[in-house]
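Each chain, written out:
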Amino acid sequence: MRIHLIAIGNRMPAWVTQGYTEYALRLPPECALQLTEIAASKRTKNADLRRIARSEGNKLLAAVPKGARIWALDSQGSAWTTEQLGEQMRAWLQDGRDLALLVGGPEGLDAECKSHAERHWSLSPLTLPHPLVRVMVAEQLYRTWSLLNGHPYHR
């Protein structure tokens, strides 16, 4: 199984790339984390933000591997403890299908992305900077894997 983190935005600051990579490389091949970056559309003062969000949403969905289950990262989604996320990961591993985690742009995820998602996962009710979400997701997935495998990192 692969976990595909599909996110709007590229050319991240070095600390984002370093943080994401640190945790992604710690994950074993049976739940490898792969980042797909979708370039953000240009936003101008008079830009049609709904059209931009729709366009970015279409690009996110087009990047989802065939047969992968889709989860949307959404502040309105369900928040889980590490143990609850561990149960989700255990189910993903048993199922064997790839998982696509979708991260929207500054306007969030388009409604079409949300409607295609099996689940909506909230990292926090706070609005988080999109670059930070990548690092947090990678770290939480590694923490969860550590918990499932009795590794002391999760404590």
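Please refer to the structure placed before this passage.
Read on for a plain summary of the structure.

1. Looking at the overall build of the chain
A tally of regular secondary structure across the chain gives five helices and five strands. From first element to last, N terminus to C terminus, the chain shows the α and β order β-α-β-α-β-α-β-α-β-α. For the chain, the spread of C-alpha atoms along the three principal axes comes to 50 × 30 × 25 Å. Considering the chain as a whole, with its 155 residues, one finds that 44% of them fall into the buried category.

2. Re the pattern of salt bridges
Taken as a whole and assessed by the stated rule, the structure comprises ten salt bridges. A salt bridge links Arg43 to Glu56, with the nearest nitrogen and oxygen atoms 2.9 Å apart. One end of the pair, Arg43, is in the loop between strand E2 (32-38) and helix H2 (49-62); the other, Glu56, is in helix H2, and 13 residues separate them in sequence. The class for Arg43 is partly exposed, based on a relative accessible area of 27%. For Glu56, a relative accessible area of 2% gives the class buried. When the shortest N-O distance is used, the salt bridge between Asp95 and Arg69 registers 3.6 Å. Separated by 26 residues along the polypeptide, Asp95 in helix H3 (residues 82-95) and Arg69 in strand E3 (residues 69-78) bring together distant segments of the chain. On the basis of relative accessibility, which here comes to 36%, the residue Asp95 falls in the partly exposed class. Several salt bridges share partner residues, and in doing so they unite Arg69, Asp95, Arg97 and Glu118 into one network.

Cut-offs used in this document
Residues numbered from 1 in each chain as written. Predicted model: local features only at pLDDT ≥ 70, side-chain atom pairs only at ≥ 80, totals over all residues. Heavy atoms only, no water. Helix = DSSP H or I, 4+ residues; strand = E, 2+ residues; numbered from the N terminus. Buried < 20%, exposed > 50% of the residue type's maximum accessible area, 1.4 Å probe, protein only. Salt bridge = Lys/Arg side-chain N within 4 Å of Asp/Glu carboxyl O.

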